[in-house]
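Report on the structure
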Amino acid sequence: MLPRSLDTALATAVGPDPALHRELRDALLESVERQVDLLRQARGDAHWYTVSARIRGLAVSFMDEDLTTVADAALLSAPGEPVVIDELTRWIEQTREEPIPG
């Protein structure tokens, strides 16, 4: 199942409609994937920090505690930190595999 806070945020936004729930979750996943691609390309502290802050903003908007934790780690790490990229990739994979409630 998706992290409880993400499930709750999506249910609040779309009600009991699983199709809308999936659409919002997919939009979040696509946004995070784009940002992770940008992190992989980041060459300087400012670019890394900006992209990490975007990921954190997405995480907070969707109230996903796991993603927020990884984004916070990214904000504090050096550009190109492979552990952060691996954790973000793992979050994407796990979230994609979770069933939609309802």
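That block above? That's the structure.
A few points on the structure. Predicted model, so just to flag it, every value in this text is computed and none were measured. Positions within a chain are numbered from 1, following the residues in the order the chain's sequence is written. Local features are withheld for residues below a pLDDT of 70 in this predicted model, meaning they are given only at 70 or higher, and side-chain atom pairs are given and counted only at 80 or more; totals for whole chains, interfaces and linings count all residues. Just so you know, side-chain values use all the structure's heavy atoms and leave hydrogens and water out.

1. Quick notes on the side chain of Thr68
Counting from the N terminus, the helices are DSSP H or I runs at least four residues long and the strands are E runs at least two residues long. Positionally, Thr68 belongs in helix H4 (residues 65–76). Residues within four places of Thr68 in sequence aside, it is in contact with Arg56, Ala59 and Val60. In this analysis, two residues are considered to be in contact whenever any of their non-hydrogen atoms come within 4.5 Å of each other.

2. Description of the packing of helix H3 (residues 45–61) against H4
Structural elements are reduced to axes, namely lines fitted to C-alpha atoms, with helices fitted over the stretch in contact, and the angle between N-to-C directions of any two is expressed from 0 to 180 degrees. Axis separation between H3 and H4 bottoms out at 8 Å; the angle between their running directions is 165°. On the basis of the axis angle, H3 is roughly antiparallel to H4. When the axes of H3 and H4 are compared, the crossing they make is left-handed. On H4, the residues touching Trp48, Tyr49, Ser52, Ala53, Ile55, Arg56, Ala59 and Val60 of H3 are Leu67, Thr68, Ala71, Asp72, Ala74 and Leu75. Any residue that is not Ala, Val, Leu, Ile, Met, Phe, Trp, Tyr, Cys, Pro, Asp, Glu, Lys or Arg is counted as polar, Gly included; the first ten are nonpolar and the last four charged. Split into classes, the residues belonging to the contact of H3 with H4 amount to 10 nonpolar, two polar and two charged. Orientation is classified from the angle alone, with under 35 degrees giving roughly parallel, over 145 giving roughly antiparallel, 65 to 115 giving roughly perpendicular, and any other angle giving oblique. Note: crossing handedness is left-handed where the near helix turns anticlockwise from the far helix by less than a right angle, and right-handed where it turns clockwise.

3. A short note on H4
Between its terminal C-alpha atoms H4 stretches 17 Å, which fits the 16 Å expected from 12 residues at 1.5 Å a residue. Of the positions making up H4, those classed as buried are Leu67, Thr68, Val70, Ala71 and Ala74. All buried residues of H4 project into a common sector of 165° when viewed along the axis, lining one side. Away from its buried face, by an angle of more than 90 degrees, H4 presents the exposed residues Glu65, Thr69 and Leu76. Tucked into the core, H4 has its buried residues touching helix H2 (18–41), H3 and helix H5 (82–97). A helix is expected to span 1.5 Å multiplied by its residue count minus one. The rule is simple: take the accessible area with a 1.4 Å probe, protein chains only, and divide by the maximum for that residue type; under 20% is buried, over 50% is exposed, in between is partly exposed. Here, the arc refers to the directions that run from the helix axis to the C-beta atoms.

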